Structure formats: C-alpha cells, structure tokens
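This is what each chain is made of:
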Amino acid sequence: MFCVHSGECGGCQSIEQPYSDQLVAKQAYVVSALQVLGLPPENIFPVLPSESSVYYRNKMEFAFARKPTGELYLGLKRRGVFWDVIPLSHCYLQDPVTPYLLQFTSDYLCPSGLPAWDYRKREGVFRYLMVRQSKTTGHFLISLVVSEAQNMSFFEGYAAALVAKFPQVKSIVLTLQPTSSDTAFSTDMRVLVGEPILEEQLGALKFSISPTAFFQTNTRQAAVLYNEIVKSLNPEPEDVVMDLYCGTGTIGLYVAPYVSAVIGVEENPASIENAIQNARANGIANITFEVENVRRFLKFSKLQATKMIVDPPRDGLIPKVVRRVIERKPKTLVYVSCNLSTFIRDAKILTESGFEICGVQPVDMFPNTGHIEVVAQLRYSGVL
Ligand SMILES: C[S@@+](CC[C@H](N)C(=O)[O-])C[C@H]1O[C@@H](n2cnc3c(N)ncnc32)[C@H](O)[C@@H]1O
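Residues numbered from 1 in each chain as written. Predicted model: local features only at pLDDT ≥ 70, side-chain atom pairs only at ≥ 80, totals over all residues. Heavy atoms only, no water.

Colleague: Help me get a handle on the side chain of T248, residues and values and all.
Modeller: Here T248 shows up in the loop between β10 (240-244) and α5 (250-255). In this view, T248 contacts A213, F214, F215, L253, S271, N274, A275 and N278; residues no more than four positions away in its chain are not counted. (Helix = DSSP H or I, 4+ residues; strand = E, 2+ residues; numbered from the N terminus. Contact = heavy atoms within 4.5 Å.)

Colleague: With reference to specific residues and values, describe helix α2 (residues 98-109).
Modeller: In this model, α2 (12 residues) spans 17 Å end to end at C-alpha, consistent with the 16 Å of a helix rising 1.5 Å per residue. For α2, the complete set of buried residues consists of T98, P99, L101, L102, F104, T105, S106 and L109. Structurally, α2 contributes buried residues whose contacts are with β1 (59-66), β2 (72-77), β4 (126-133), β5 (140-146), α3 (152-165) and β6 (169-176). (Expected span 1.5 Å × (residues − 1). Buried < 20%, exposed > 50% of the residue type's maximum accessible area, 1.4 Å probe, protein only.)

Colleague: Give me the domain arrangement of the chain: which residues, what numbers.
Modeller: Partitioning the chain into domains gives domain 1 (19-52 + 218-380) and domain 2 (59-202). Of the roughly 580 Å² buried between domain 1 and domain 2, counting both surfaces, carbon and sulfur atoms make up 65%. Per-residue buried area on domain 1 facing domain 2 is highest for T219, R220 and Y254; these three make up 58% of the total on that side. Counting the contacts that link domain 1 with domain 2 gives 0 salt bridges. Sorting the residues of the side of domain 1 that touches domain 2 by element identifies α4 (219-233) and α6 (269-281) as the ones contributing at least two each. A total of 5 residues in the side of domain 1 that touches domain 2 trace back to one element, the largest contributor, which is α4. (Domains from an automatic or database assignment. Buried area = accessible area lost by both parts, 1.4 Å probe. Salt bridge = Lys/Arg side-chain N within 4 Å of Asp/Glu carboxyl O.)

Colleague: Which residues make up empty space enclosed by the protein, and what values do they have?
Modeller: This model, assessed by the stated rule, comprises 1 cavity of 30 Å³ or more. Taken as a whole, the largest cavity holds about 80 Å³ of empty space. As for the largest cavity, its lining consists of C3, H5, S6, C9, G11, C12, R79, L88, H90, C91, Y92 and L93. Tallied by class, the residues present in the lining of the largest cavity amount to 7 nonpolar, 4 polar and 1 charged. (1 Å grid on protein atoms, 1.4 Å probe; cavity = no way out; pocket = protein on both sides within 12 Å on 5 of 7 lines; lining within 4 Å. Points joined across faces, edges and corners; volume = space filled by probe spheres on them. Nonpolar A, V, L, I, M, F, W, Y, C, P; charged D, E, K, R; others polar.)

Colleague: I'd like to hear about the site of the ligand, residue by residue, with values.
Modeller: In the neighbourhood of the ligand, 16 residues make up the surrounding shell, with Y226, Y245, E266, V294 and D311 lying closest. In this structure, a nitrogen atom belonging to the ligand sits 3.0 Å away from a main-chain N or O atom of Y245. Within the side chain of T250, an N or O atom sits 3.2 Å from an oxygen atom of the ligand. When isolated, the ligand has an accessible area of 590 Å², and the protein chains bury 87% of it. Within the shell around the ligand, the residues separate by chemical class into 8 nonpolar, 4 polar and 4 charged. (Near = heavy atom within 4 Å. Polar contact = N/O pair within 3.5 Å; in protein donor to acceptor, adjacent residues only side chain to side chain. Areas by Shrake-Rupley, 256 points an atom, 1.4 Å probe, with all protein chains shown as cover.)

Colleague: Describe the layout of surface pockets, listing the residues and the values that go with them.
Modeller: Here the second largest pocket defines a volume of roughly 180 Å³. When residues of the lining of the second largest pocket are assigned to their parent elements, the largest contribution, 3 residues, is made by β1. Each residue belonging to the lining of the second largest pocket can be placed in one class, and the counts come to 9 nonpolar, 1 polar and 4 charged.

Colleague: Can you explain the packing of aromatic side chains? Please cite residues and give values.
Modeller: In total, this model carries 13 aromatic pairs according to the counting rule given. Here the aromatic rings of F104 and Y108 are separated by 6.4 Å at their centres, their planes lie at 25 degrees, and the arrangement is stacked. With F104 and Y108 both in helix α2, this residue pair falls 4 residues apart, about one helical turn. Y108 gets classed as partly exposed once you look at its relative accessible area, which sits at 29%. Among the aromatic residues, ring-to-ring pairing joins F104, Y108, F154, F155, Y158 and F166 into one connected group. Above the plane of the ring of Y73 lies K67, whose end atom (NZ or CZ) is 5.6 Å from the centre. (Phe/Tyr/Trp six-rings, centres within 6.5 Å; stacked < 30°, edge-to-face > 60°. Lys NZ or Arg CZ within 6 Å of the ring centre and 35° of its normal.)

Colleague: Describe unusual backbone geometry, with residues and values.
Modeller: At Y245, a position not held by glycine, the phi torsion is positive, near 65 degrees. For Y245, the location among the structural elements is in the loop between β10 and α5. Unusually for a residue other than glycine, K329 sits at a positive phi of about 45 degrees. Checked against the element boundaries, K329 lands in the loop between α8 (319-328) and β14 (332-337). Judged by its relative accessible area of 47%, K329 falls in the partly exposed class.

This is the structure we're talking about:
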C-alpha cells in the first residue's frame, strides 16, 4: 500500500509490501529464529493474520515539534532518528480522524509561543499527544503531555474547543512530565474533560482502561490472541492460574470462567484499579489481583498455582523471575512474547530446567511493522 510518509516515517516499515507477503516473511522469521531452540517445525503453527491491516491501533503517541518558520506540528519520529519529527498529513495506523485531531491541536497551541520539546537538549514544553480510541465505541481519550502548565485556563480552553469540534472526543487529560526522560508516561494528570476512562469490549467481556494502563494496541486482534492463550493453557476446572504482568487483567478475565481461581500480578496501580473494576463489571468473582513487582511476588508470596501465564514487556523475564518460575514448577507455562530474542533467551533456560516447548503460535498484532507476537506453550516434565 502506498503511504505518502513511507520511507521516512518510523511508524510502519513494511507498508508498501502486500499484507500476504508480510505474513510469509513473519512466519519465515519466526521459524528461522526458533531453530536455535531445536523445535520441530510442525510445532510452530501458521501465523494468525490481523483482521485489518490498516487503522488498527487503539493507541498512538505523537511528538510535537516546531518548523524553522515557528509553526507547531505533531507527527511521528523519523525512522531511526529520535530527535526529528515528521509532520503527518495522513496515517494508516490509527483512525482516519486522528490527523485532524493533530492538526487542530497544533493550530490551537501554536500561538501560545511555548516551545516544543527539544529531544536532544531535553527542554521545551509541548512533548506528546497521546491519542487512545475505543474500537468498540469509537470514542477518543486524549492526553496532552507537557513539561509544565503555568496557565491552566489556556489548556482548559484547548480542551473545550477540541470537544466542541470533535464530539467523539470524550476525555482529555493534561499530563505533566517534567523529567528529562523521553516518555509520555507520568502519573501526574489533570482531568480537563470527561472521565479519564475508555471502554472496550473483547468477546463477551467489557473493559475500562485509564490513560496510563496497558491495553493491547490492536483491539480486534487482542481477542484472537487471548483465545490462543486460553487454548495453550489447556485450562481444567481445578486449576489455579497465575497471570503475571497482567495489565488491566484482560487475560486472567478470559481464563477465569474455565478454572477454579486466577491471581493477576501487575506493578502499575492504575492498571490494577482497572482490573478490579473489570472483574466486577463482568461479574467474575474467582479472580484476585496483587499490585506487585513480579520478582518480589514470586519470591515472597505463599500463593500457589498449577499453571502460569507470563506476558512481560519487550525485555522479557529477568533471570531471577525465570529461576522463581522454574522453582514453582507450573504444569503448564504460557509465555506470551512481543520480542522473539528475549523469548528465546528465556526459553533456553526454561528448557534446560525441565520445561518442554510443545507449541508456538505466532499472532500478527502489528501489521506493516516487523513486530510479531508469539504464544508459546511450555510443559513441565522434569525430565532433563
Ligand atoms: C506486555 S504488557 C501485558 C499486559 C496484559 N497481560 C495484557 O495483555 O493486556 C506488560 C505489563 O507488565 C507490567 N510490568 C512491567 N514490568 C513489571 C514487573 N516487573 N512486575 C509487574 N508488572 C510489570 C506493565 O505495567 C504492563 O502492564
């Protein structure tokens, strides 16, 4: 597909390749990368495609910059260049309305004269615009990320003007992120419009998501991913399952109806607040949540489980977590990974310690990019 920004934009690297070719390339990559684990090829299943290969993301972070002429704009970072932002006239990653939200925002904020963040000098005021959209309701939640907010009434004026022009924008928050680290994440948030919550539906389950909480970015494909996780877990009614790195509790809530109990563990308190609300809203009573670092939880908690699910960030599991998982010997371990190299690193240790990889299911969560998610089923046999 042709995109006016392809070649320079860091958002989609393979948009010009037909989606069917992208899937073939991703499958070949997974098969070749996993060779090092000695898996029989028939244990690597064909990649599950995303229903839509464009406009599929429910969350994007756009960066601010100013042109030499002084004009403020929003866009994505130039491929491989963290300090350079390319203006976006169109984007195939999120809803077609998004570029209009970007244009309106930069036009409104420009006359303030406040500087855009300089990603090299690490100074400035306007940093990111995070745009989240529910694929269920179509509603938007916007977070304007700034390093300081001396004139709150200016930001309130922006929020009022944005919702007047775009009624599908239901929530706007101002996020204060004064530190030098290049992130849109901060817990210091001021609500400018509405409730800071977005509602999504996956299968029969409803989810409430707050601005900082993790939620799979391809909503429709998340349901495909979670069904695969349930299949790989092979749940039995007497099972107690640990859902480690549980975010807003989505995986655990999918699994709960099939088992005796689920324990979700996550370090972000906002995600756990959402998870508890989500369990209540869906009438699921056999799930509990712990706000805790997974390493500390596995070290100190006396709770026991028959099966475990791990869905860590791209860095994978730290060695101490791998060791604690091995000590706990779950019958089945489902490892959900968005980074094959850290998965392979961790899987090597697990297979050297009595686990066997019984199957790997690639799921394409990120069309037009090189990323691929895998769901691996490992069973503890204790036979080395
Ligand atoms: C890839 S997301 C998975 C979320 C969830 N399983 C889902 O599908 O929506 C990883 C999650 O791990 C959490 N996390 C990262 N490091 C952690 C740690 N050391 N202990 C507990 N949670 C952690 C993040 O906040 C994030 O919610």
